Amino acid sequence: TTYSMTFSLPPPPEVTINYRHGLPVITLTLPTRSERCQFTVKPMVTTVGAFLQDMQREDKGIDRAEVFATDGSKVSDATLMEVLLMNDFKLAINNTAYSVSPPVKDKLSSEHATEMEDIKSLVHRLFVALHLEDHQIRRERELLQKLDHLKQELLPLEQMKARIMASADAKTSRLLWVGLALMSTQGGALAWLTWWVYSWDIMEPVTYFITYGSAMAFYAYFVLTKQDYIYTDAKDRQFLHYFYRKSKKQHFNVERYNKLKEDLAETEESLRRLRQPLHLRLPIQEINDKD
């Protein structure tokens, strides 16, 4: 008679998670020393990869440590522990897999929840106190460097623009004076023809057609420009015509100039907002001293 005996191995020790002072404490058995070890993690800062590295540093006998979701997909090392502890998962250490069921946060005591909120608030205040001023100073330095660079780029363009605007303004003024001279000449010629050469009976139809021709010219101006013939608008339009024509001859890039002016205005506005007392959380006197 042959007797077969079956030995049942004890199940591997479970991985337990408890919350202590608002932080999760993961307790597991190290494979080499066979002793229970606790790992306190900061869920909002610690990643899965950092937690696994802490285990391997604690026990050199851990050759492979990975975390898997319940569906068998591997959890990325960059995943925060806070996200991992929201659901059940599997922790694989060497050739052993442990099923882990984190406690539900809603079932935590009100004391633990209050402690967690206090820790979050404390971390936020510490971060602001330690890093905000340095960040503001670095940002201000970057904006000042950008502002200086933009001003250096704009300086030759501003000088070229001033020369082009002076030339266009001079041509526009000459055109206006030429128009006044032509109108004066026309009025004098009509008066001379009316009183010294011909009579009003002959010149009346001439002046009528001249007036009608002027009305047609103004209407044509409206058809072409979609604007009424107002002297100031016509002057500005002629000025822009001379300006762009002169800019093309001088190789003045109007689009680049406008883009630099917009960047300069945005940089100055960002710098002004950065230096506001409420944004810096500093007294006004300290900001004035920095300026």
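About the criteria used
Residues numbered from 1 in each chain as written. Predicted model: local features only at pLDDT ≥ 70, side-chain atom pairs only at ≥ 80, totals over all residues. Heavy atoms only, no water. UniProt positions renumbered as here; feature names shortened; annotations may be inferred. Salt bridge = Lys/Arg side-chain N within 4 Å of Asp/Glu carboxyl O. Helix = DSSP H or I, 4+ residues; strand = E, 2+ residues; numbered from the N terminus. Buried < 20%, exposed > 50% of the residue type's maximum accessible area, 1.4 Å probe, protein only. Pairing = 2+ DSSP bridges. Axes fitted to C-alpha atoms, helices over the stretch in contact; angles between N-to-C directions. Contact = heavy atoms within 4.5 Å. pLDDT = per-residue confidence, 0-100.

By the naming in an unreviewed UniProt entry, the chain is Calcium uniporter protein, taken from Chionis minor. Checking UniProt for the chain, the heading Function (unreviewed entry) contains the comment "Mitochondrial inner membrane calcium uniporter that mediates calcium uptake into mitochondria. Mitochondrial calcium homeostasis plays key roles in cellular physiology and regulates cell bioenergetics, cytoplasmic calcium signals and activation of cell death pathways." Of the chain, the UniProt comment under Sequence similarities (unreviewed entry) reads exactly: "Belongs to the MCU (TC 1.A.77) family."

Trainee: Before we move on, can you summarise the pattern of salt bridges with the specific residues and values?
Mentor: Per the counting criterion, the structure on display carries seven salt bridges. In this structure, Lys 259 engages Asp 263 in a salt bridge whose closest nitrogen and oxygen atoms are separated by 2.9 Å. Of the two residues, Lys 259 and Asp 263 are both situated in helix H6 (residues 254-274); the distance of four residues between them amounts to about one turn of the helix. Since its relative accessible area comes to 17%, Asp 263 is described here as buried.

Trainee: So, the sheet that holds strand E5 (residues 89-93): which residues are in play, and what are the values?
Mentor: Pairing in this open sheet of three strands is antiparallel, and the strands run E4-E5-E6 from one edge to the other. Only two strands of the sheet have a single partner each, and these edge strands are strand E4 (65-69) and strand E6 (96-100). Strand-to-strand, the axes of this sheet are offset by a mean angle of 25°, without reference to chain direction. Note: E5 against E6, five bridges, orientation antiparallel. Residue Ile 93 lies in a different strand from E6, and its bridge partner there is Thr 96. Along the sheet face, helix H1 (residues 48-58) touches E4 and E5 and points at about 140° away from the line of E4.

Trainee: Can you tell me about the confidence of the model for the chain, naming the residues and giving the values?
Mentor: Averaged over every residue, the pLDDT of the chain is 77; residues scoring 70 or more account for 80%. Summarising per-element confidence for the chain, the mean pLDDT is lowest in helix H8 (residues 284-290) (44) and highest in E4 (89). The low-confidence segment residues 1-11, where pLDDT is below 50, has zero contacts with residues more than four positions distant or belonging to other chains. Taken as a whole, residues 282-291 scores under 50 in pLDDT and shows eleven contacts with residues more than four places along the chain or in a different chain.

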